[in-house]
Amino acid sequence: MGKAADLREFDRGQIVMVRRLGTSITETARLVGCSRSVVVSIHAKWINDGDTSSRRQGIGRPRVIKEKGRRRLSRLVKQNRRQTVAQLIAQYNAGPSASVSEHTVQWTLLDMGLCSRRPTRVPLLTKLHRQLRLQWVREHRDWTMDEWKRVTWSDESRFLIHHVDGRVRVRRLPGKQLLPSCTAGHTQAGGGGIMLWGTFSWAVLGPVVVIEQAMKAANYLNIIADQLHPYMAFVFLTGYEIFQPGNASCHKARIVLEWFEENIDEFHFVLPT
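The present account deals with the structure reproduced in this document. Every value quoted in this text rests on a predicted model; they were computed, and no experiment measured them. (Residues numbered from 1 in each chain as written. Predicted model: local features only at pLDDT ≥ 70, side-chain atom pairs only at ≥ 80, totals over all residues. Heavy atoms only, no water.)

1. Some details on the overall build of the protein chain
Each helix and strand in the protein chain was counted, giving 11 helices and 7 strands. The buried share of the protein chain, taken over its 273 residues, is 37%. A sequence separation of at least 24 residues applies to 72% of the contacts in the protein chain between residues at least 6 apart. If you sum the accessible surface of the protein chain, you get close to 16700 Å²; carbon and sulfur atoms cover 54% of it. (Helix = DSSP H or I, 4+ residues; strand = E, 2+ residues; numbered from the N terminus. Buried < 20%, exposed > 50% of the residue type's maximum accessible area, 1.4 Å probe, protein only. Contact = heavy atoms within 4.5 Å. Areas by Shrake-Rupley, 256 points an atom, 1.4 Å probe, with all protein chains shown as cover.)

Have a look at this one:
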């Protein structure tokens, strides 16, 4: 049986593919026609380095998909990481490049390290988040009911229109599991969603606003001025009540903080930890 360096790139990709499908080392070696140690070393190289290419040059057939085509294939994957190989082939072959087979695209994706993996489930709260929230609770544990009644809260949240119930997989490079497009929250959206901003206090629920654009500082300030200001003036007739938003970057932008400074006589602005 040949050494690992003597295997064609196609055989290397095949080793990775069948091992990922759960085939044993012995059966993989039999299918490809190499030793068990070769299977182990090539699979380990793919896990550690993200590719299976040999260090020796000029061995094996030339690539059907050249470097330019590989960059294009990578862009297609990044546009929608949940696409199947068939969908990627349809898009790739619709371009100016020569048509390629499913086998070629599958092998190229394996060689690039863009294998299909389960999306990463990002924890809702990190250790630091938990520590800061515990600190905040301890600082406010002696507040009275009357003090809590003076607080208005607000935040924005995205609601999914359709939820994907089936098993979702994404294509990503090793070490890129925390990219937003590779996490479970992003991949479950299926049919898009809607972003809403809302506010509430002890006394009454406040307005709910549909956010049509990305929530940036200018858009957030418009909502605060148009929606929050009248709401607090109506609910808290005595003035100088407390407003606490979420902790997004737009909530503490310079223009937002300056606006609250200008209106400090009407209510107190408190950012969460």
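Still more ground to cover, so stick around.
2. Considerations on the pairing of strand β4 (residues 193-201)
Across 5 bridges, the pairing between β4 and strand β5 (residues 205-211) is antiparallel. Across the sheet, the residue bridging to Met 195 is Ile 211, located in β5. Counting the residues between successive antiparallel strands, the hairpin from β4 to β5 contains 3 residues. (Pairing = 2+ DSSP bridges.)

3. Notes on the packing of aromatic side chains
Per the counting criterion, the structure on display carries 6 aromatic pairs. Judged by centre distance (4.7 Å) and plane angle (45°), the rings of Trp 143 and Trp 148 are tilted. A residue is classified by how much of its surface remains accessible, and Trp 143, at 26% relative accessible area, is partly exposed. Note on Trp 259 and Phe 260: the rings are 5.2 Å apart at their centroids and 90° apart in plane angle, and the pair reads as edge-to-face. (Phe/Tyr/Trp six-rings, centres within 6.5 Å; stacked < 30°, edge-to-face > 60°.)

4. Details of helix α3 (residues 36-49)
Compared with an ideal rise of 1.5 Å per residue, which puts 14 residues at 20 Å, α3 spans 20 Å between its outermost C-alpha atoms and is within 8% of the ideal. Val 38, Val 39, Ile 42, His 43 and Trp 46 are the residues of α3 that are buried. Mapping the buried residues of α3 onto a view down its axis gives an arc of 120°, with all of them on the same face. Structural note: α3 exposes Ser 37 and Asn 48 on the side pointing more than 90 degrees away from its buried face. (Expected span 1.5 Å × (residues − 1). Arc of directions from axis to C-beta.)

5. Let's talk about the nonpolar core
A general feature of soluble globular proteins is that nonpolar side chains tend to end up buried together. Among the nonpolar cores identified, the biggest contains 22 residues, and Trp 197, Tyr 220, Ile 224, Phe 243 and Phe 260 are the most heavily contacted of them. Only β5, α10 (217-235), α11 (254-262) and β7 (267-269) provide two or more residues apiece to this core. Looking at which element gives the most residues to this core, the answer is α10, with 9 residues. Residues contacting Tyr 220, with those up to four places away along its chain left out, are Ser 154, Glu 156, Trp 197, Met 215, Phe 243, Pro 245, Cys 250, His 251 and Val 256. In terms of nonpolar packing, the next biggest core, distinct from the first, is built from 13 residues, Leu 73, Leu 88, Tyr 92 and Met 112 among them. (Core = buried A, V, L, I, M, F, W, Y, C linked by side-chain atoms within 4.5 Å.)

6. Overview of the pattern of salt bridges
Applying the stated rule across the entire model yields 2 salt bridges. Between Arg 30 and Glu 27 there is a salt bridge, with its nearest N and O atoms 2.5 Å apart. With Arg 30 and Glu 27 both in helix α2 (residues 25-32) and 3 residues apart, this pair spans about one turn of that helix. Look at Arg 30 and you get exposed, because its relative accessible area is 57%. A salt bridge links Glu 258 to Arg 254, with the nearest nitrogen and oxygen atoms 3.2 Å apart. Of this pair, Glu 258 and Arg 254 are both found in helix α11, 4 residues apart, which corresponds to roughly one turn of the helix. Of the residues examined, Glu 258 reaches a relative accessible area of 39% and is grouped as partly exposed. (Salt bridge = Lys/Arg side-chain N within 4 Å of Asp/Glu carboxyl O.)

7. Thoughts on the side chain of His 140
Mapping His 140 onto the fold places it in helix α7 (residues 127-140). For His 140, a relative accessible area of 15% translates into the label buried. Within the structure, the side chain of His 140 is placed 2.8 Å from the backbone oxygen of Trp 136, a separation counted as a polar contact. (Polar contact = N/O pair within 3.5 Å; in protein donor to acceptor, adjacent residues only side chain to side chain.)

8. Brief notes about the packing of α2 against α3
The geometry of α2 relative to α3 is characterised by a closest axis approach of 8 Å and an angle of 100° between their N-to-C directions. With respect to their mutual orientation, α2 and α3 come out roughly perpendicular. Here Ile 25, Thr 26, Thr 28 and Ala 29 of α2 lie close against α3, whose contacting residues are Arg 36, Val 39 and Val 40. By residue class, the composition of the contact of α2 with α3 is 4 nonpolar, 2 polar and 1 charged. (Axes fitted to C-alpha atoms, helices over the stretch in contact; angles between N-to-C directions. Parallel < 35°, antiparallel > 145°, perpendicular 65-115°, else oblique. Nonpolar A, V, L, I, M, F, W, Y, C, P; charged D, E, K, R; others polar.)

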